[in-house]
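In case you want the letters, here they are:
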Amino acid sequence: MSLLFGRLTLADLPHEWFTVGGTATILLGLLGIAALLTYYKRWKWLWQEWFTSTDPKKIGIMYILFAAVMLFRGALDAAMIWAQQAMSVGSNHGYLTPAHFQQIFTAHGDIMVFFVTMGFLSGLLNLLIPLQIGARDLAYPFLNTLAFWLYVAGAIFINLFFVFGGNFAATGWLSLPPLSGLAYSPGVGVDYWIWSLQISGVGSLIAGINFIVTILKMRAPGMTLMKMPLFVWTSLCSMIMVVSIFPILAATLGMLWLDRYFGLHFFTSDFGGNPMMYINLIWMWGHPEVYVLILPSFGIYSEVVATFSQKKLFGYKSLVGGALGITALSFLVWAHHFFTMGAGANVNAFFGIMTGFIALPTGVQIFNWISTMYKGRIIYSQPMHWFFGFLATFTFGGMAGLLMSSPAADYALHNTLFLVAHFHTMIIGGALFGIFAGIVYWFPKFTGFKLDERWGRRAFWFWLVGFFLSFAPLYMLGFLGATRRLDHYDASMGWQGLFIVSAVGITVIGVGALCQVIQIIVSVKNRKQNLDLTGDPWNGRTLEWATSSPPPVYNFAVIPTVQTRDAFWEQKQSKTITKPVYEDIVLPRNTAMGMYVSAFVFLAGFGLVWHITWLIFFGLIGTVVCIVMRALDQNTEYIIPAVEVERMEQVWKKN
């Protein structure tokens, strides 16, 4: 039995309330989806049009949909954390055991960073990068679909403990040793954590390489680097950080796995190991990762502010310089996460100064956006609401970050809820609000109709009010000494009132999320009232608005020639019309090989978690065979004849 199943036994099947409930939810959800697909006879359509697609627009939409599902999963964890902290005081120990609380805490952090924010941003990059640079596809279409399915495999892995294992890692979202070592975490929870992040991280690395090559090599004629849209610039900086730091993450996770699987001692405190080496390495990845998430949102704000101020961006060069400055400085601040480790005054002073410096290029961005709005004819549409919400939250959180950049202040605030509040202010107020602004802004481009304005504004106000209700009390609790990962506290501390206010805040955010769901339903129902037949519903400035809504599979019938930064805006102002000359267009064929490779990688990872040797080799061999088969495949492209291209363009222009 051990040869066949390794360490997996019947005792590892669901038997606790949360594993039984989680497994039942997963199975019922899958059965419901299967029933709908069968009833509407959509299995073939789903496979041919979506799962095997190499079109970055469809891959981008799948990223966003999957990230939305993971947002729901991560938000449930957050609600459970807040409820426990509001209830568990004095003689009342709440409804979660300490071990279960720590597992939820760990899963929430990793899901929201790796599978929500990264998923949303990967989706937006897929949708927009080729269109904004005047390209028809990404540089490596197969790698694009492979990156997506590795992301999906990693997301499944982080939820698989519901079905096999019963427990996730109870180590915190970065699984710092010695807690993540075998001595303190002998179960498979940490192994699930390792391979979930490892698999999805490889997908992120592949995607990063793909986007960098696409931006550097596939821009439209005339589009120099200093004529690229700001979203492309910030995405390029973000992807440069991805290819720089994700190998560090892969190596760190690999060494931790070797410690656990083979009994090596990279991060133990005996036999020459050093836990502080892990902490340095994980934060050398972890802090630049924050800017990986935020920088593309900065690009979104640049696009939104220019469009809805009806002006060109103020200080384009300084905005580019600010993005590059943030990228460079992000590699020089990681040690501010452990000022209390005793590295000495000189080390702490250096990292404190670097942390203060990184606020300068960030401030440049904000002042440029404000200057862009100055004397502009501002249209207060939904995307601008999210921008103004960002200004309020991000400025507040940024000042908190400057406070913690002082080692002396950090000694008092380290490991408290003040830090939790600051981090969430940056990620929610900075990255997630930007994602929401981008989705609303570009929604009509990829669906052909706008989102409902009234429900969108209601969602924004619930999100904004709920955010401050949730996290302002955490800043106060941090000053009062409440630590992170706190599942119980004594009534004499007087903290319960603030925890209850925070729990009310997450409820208000939930209402905002519900408004967003209603907004989509209402928008689909009333789509005929908000149709976009022009391809340019906002009077946009960049090339993505020059195509139909939704764009054709080839993006551009004729690759545009760029003369200025706001290429489409200048084209509209000049009102010059040239007769297009259509040519045959070569596009990549659909392929399921990315899904097959990810499936075999998933099986190998499952074998590594449960020590099933034959499954490890089966997964690895299957992965290699699929890659070789793809490399030998000569039939990977198809041609759309010029006549068909012309017909499709004429249909759009007539409508």
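Residues numbered from 1 in each chain as written. Predicted model: local features only at pLDDT ≥ 70, side-chain atom pairs only at ≥ 80, totals over all residues. Heavy atoms only, no water.

**Some words on the overall build of the chain**
Inference 1: The helix and strand inventory of the chain stands at 21 helices and two strands.
Inference 2: For 655 residues, the compact-globule formula gives about 26 Å, and the C-alpha radius of gyration of the chain, at 25 Å, lands near that figure.
Inference 3: Based on the C-alpha atoms only, the size of the chain along its principal axes is roughly 75 × 60 × 50 Å.
Inference 4: The burial tally for the chain puts 56% of its 655 residues in the buried class.
Inference 5: Considering only contacts in the chain between residues 6 or more positions apart, those separated by 24 or more positions represent 83%.
Inference 6: Of the roughly 27,700 Å² of accessible surface on the chain, a fraction of 70% belongs to carbon and sulfur atoms.
Inference 7: One way to put it: in the chain the 37 positive side-chain charges average out to a point 11 Å from where the 29 negative ones average out. (Helix = DSSP H or I, 4+ residues; strand = E, 2+ residues; numbered from the N terminus. Rg over C-alpha atoms; globule rule 2.2 N^0.38 Å. Buried < 20%, exposed > 50% of the residue type's maximum accessible area, 1.4 Å probe, protein only. Contact = heavy atoms within 4.5 Å. Areas by Shrake-Rupley, 256 points an atom, 1.4 Å probe, with all protein chains shown as cover. Lys, Arg positive; Asp, Glu negative; His and termini not counted. Charge placed at Lys NZ, Arg CZ, Asp CG, Glu CD.)

**With respect to the packing of aromatic side chains**
Inference 1: A complete count under the given rule lists 65 aromatic pairs for this structure.
Inference 2: When the centroid spacing of 5.2 Å and the interplanar angle of 50° are considered together, the rings of Y63 and Y151 count as tilted. Within this pair, whereas Y63 is found in helix α4 (residues 56–87), its partner Y151 is found in helix α6 (residues 141–159), the two being separated by 88 residues in sequence.
Inference 3: On the basis of an interplanar angle of 90° and a centroid distance of 5.1 Å, the ring pair of F350 and F351 is categorised as edge-to-face.
Inference 4: Its relative accessible area of 9% is what places F351 among the buried residues.
Inference 5: The ring of W538 has K450 sitting right over it, with the charged end atom 4.3 Å from the ring centre.
Inference 6: For R541, the ring lying beneath its charged end belongs to W569, and the centroid distance is 4.2 Å. (Phe/Tyr/Trp six-rings, centres within 6.5 Å; stacked < 30°, edge-to-face > 60°. Lys NZ or Arg CZ within 6 Å of the ring centre and 35° of its normal.)

**Some words on the side chain of D191**
Inference 1: Examined against the element boundaries, D191 turns out to sit in helix α7 (residues 189–217).
Inference 2: In terms of polar contacts, D191 uses its side chain to reach the side chain of R260, at 3.1 Å. (Polar contact = N/O pair within 3.5 Å; in protein donor to acceptor, adjacent residues only side chain to side chain.)

**Points about the environment of A503**
Inference 1: Topologically, A503 is positioned in helix α17 (residues 496–525).
Inference 2: Considered as a pair, A503 and L587 are 84 residues apart in the sequence and their alpha carbons are 50 Å apart.
Inference 3: In contact with A503, other than residues within four places in its own chain, are W82 and A86.

**Here's the deal with the environment of C626**
Inference 1: Here C626 lies in helix α20 (residues 613–632).
Inference 2: C626 gets classed as buried once you look at its relative accessible area, which sits at 6%.
Inference 3: Residues C626 and F246, spaced 380 residues apart in sequence, show a C-alpha to C-alpha distance of 24 Å.
Inference 4: Among all residues touching C626, those that are not within four sequence positions of it are M593, Y596, V597 and F600.

**Description of the nonpolar core**
Inference 1: Y192, W193, W285, F298, W369, F387 and F606 are the most contacted members of the largest nonpolar core, which totals 188 residues.
Inference 2: Ranked by residue count, the leading element in this core is helix α15 (residues 417–447), at 19 residues.
Inference 3: What W369 contacts, discounting residues up to four positions off in sequence, is F298, Y301, S302, V305, L313, L319, F387 and F390. (Core = buried A, V, L, I, M, F, W, Y, C linked by side-chain atoms within 4.5 Å.)

**Some thoughts on the packing of helix α12 (residues 359–373) against helix α13 (residues 382–404)**
Inference 1: Two elements in contact, α12 and α13, have axes whose closest approach is 12 Å; the angle formed by their N-to-C orientations is 150°. Comparing their axes, α13 and α12 come out roughly antiparallel. Between α12 and α13 the crossing geometry is left-handed. Residues A359, T362, I366, W369 and M373 of α12 touch α13, and the partners they reach there are M384, F387, F388, F390, L391, F394, T395 and L402.
Inference 2: Its residues assigned to classes, the contact of α12 with α13 shows 11 nonpolar, two polar and no charged. (Axes fitted to C-alpha atoms, helices over the stretch in contact; angles between N-to-C directions. Parallel < 35°, antiparallel > 145°, perpendicular 65-115°, else oblique. Left-handed = near helix turned anticlockwise from the far one by under 90°. Nonpolar A, V, L, I, M, F, W, Y, C, P; charged D, E, K, R; others polar.)

**Brief notes about the packing of helix α5 (residues 98–132) against α7**
Inference 1: At a minimum axis separation of 12 Å, α5 and α7 run at an interaxial angle of 20°. Comparing the axis directions of α5 and α7 gives the class roughly parallel. Note that α5 runs across α7; the crossing there is left-handed. Along the contact surface, α5 presents T106, D110, F114, F115, M118, S122, L125, N126 and I129, while α7 presents W193, S196, L197, S200, S204, F211, T214 and I215.

**Brief notes about the pattern of salt bridges**
Inference 1: Taken as a whole, this structure holds nine salt bridges when the rule is applied.
Inference 2: Residues D77 and R73 are paired through a salt bridge, measuring 2.5 Å at the closest nitrogen-oxygen approach. Taken together, the residues span about one helical turn, with D77 and R73 both in helix α4 at a distance of four residues.
Inference 3: On the basis of relative accessible area, D77 is assigned to the buried category, the value being 5%.
Inference 4: When its relative accessible area of 14% is taken as the criterion, R73 is described as buried.
Inference 5: Put simply, E453 and R457 hold a salt bridge, and the shortest N to O gap is 3.2 Å. (Salt bridge = Lys/Arg side-chain N within 4 Å of Asp/Glu carboxyl O.)

**Focus: a nonpolar patch on the surface**
Inference 1: On the surface, a nonpolar cluster with roughly 580 Å² of combined accessible area is contributed by M1, L4, F5, W614 and F618.
Inference 2: Looking at the nonpolar patch, the elements that each hand over two or more residues are α1 (2–5) and α20.
Inference 3: With respect to the helices, strands and loops of the structure, F618 is situated in helix α20.
Inference 4: Residue classification places F618 among the partly exposed residues on the basis of a relative accessible area of 43%. (Patch = residues over 30% accessible without salt bridge, like charges linked within 9 Å, V, L, I, M, F, W, Y side chains within 5 Å.)

**Quick word on the environment of M80**
Inference 1: Within the secondary structure, M80 is located in helix α4.
Inference 2: Along the backbone, M80 and F101 are 21 residues apart, and their C-alpha atoms lie at a distance of 8.4 Å.

**A few points about unusual backbone geometry**
Inference 1: For the peptide bond that leads from P177 to P178, omega is 5°, which places it in the cis range.
Inference 2: Relative to the helices and strands, P178 is located in the loop between α6 and α7.
Inference 3: The linkage connecting S549 with the following residue, P550, adopts the cis geometry, with an omega of -10°.
Inference 4: Relative to the assigned elements, P550 resides in the loop between α17 and α18 (567–574).
Inference 5: Positive phi, normally seen in glycine, also occurs at K375, with a value near 65°.
Inference 6: Within the secondary structure layout, K375 lies in the loop between α12 and α13.

**Examining helix α2 (residues 17–39)**
Inference 1: Given a rise of 1.5 Å per residue, 23 residues ought to cover 33 Å, and the 32 Å separating the end C-alpha atoms of α2 matches this to within 8%.
Inference 2: Taken together, the buried positions of α2 are F18, T19, G22, T23 and L37.
Inference 3: Looking at the buried residues of α2, the elements they touch are α3 (43–51) and α5.
Inference 4: Immediately beyond the C-terminal end of α2, within one or two residues, lies K41, with a positive phi of roughly 55°. (Expected span 1.5 Å × (residues − 1).)

So, to be careful, I would describe these as geometric facts and stop short of saying anything about function.
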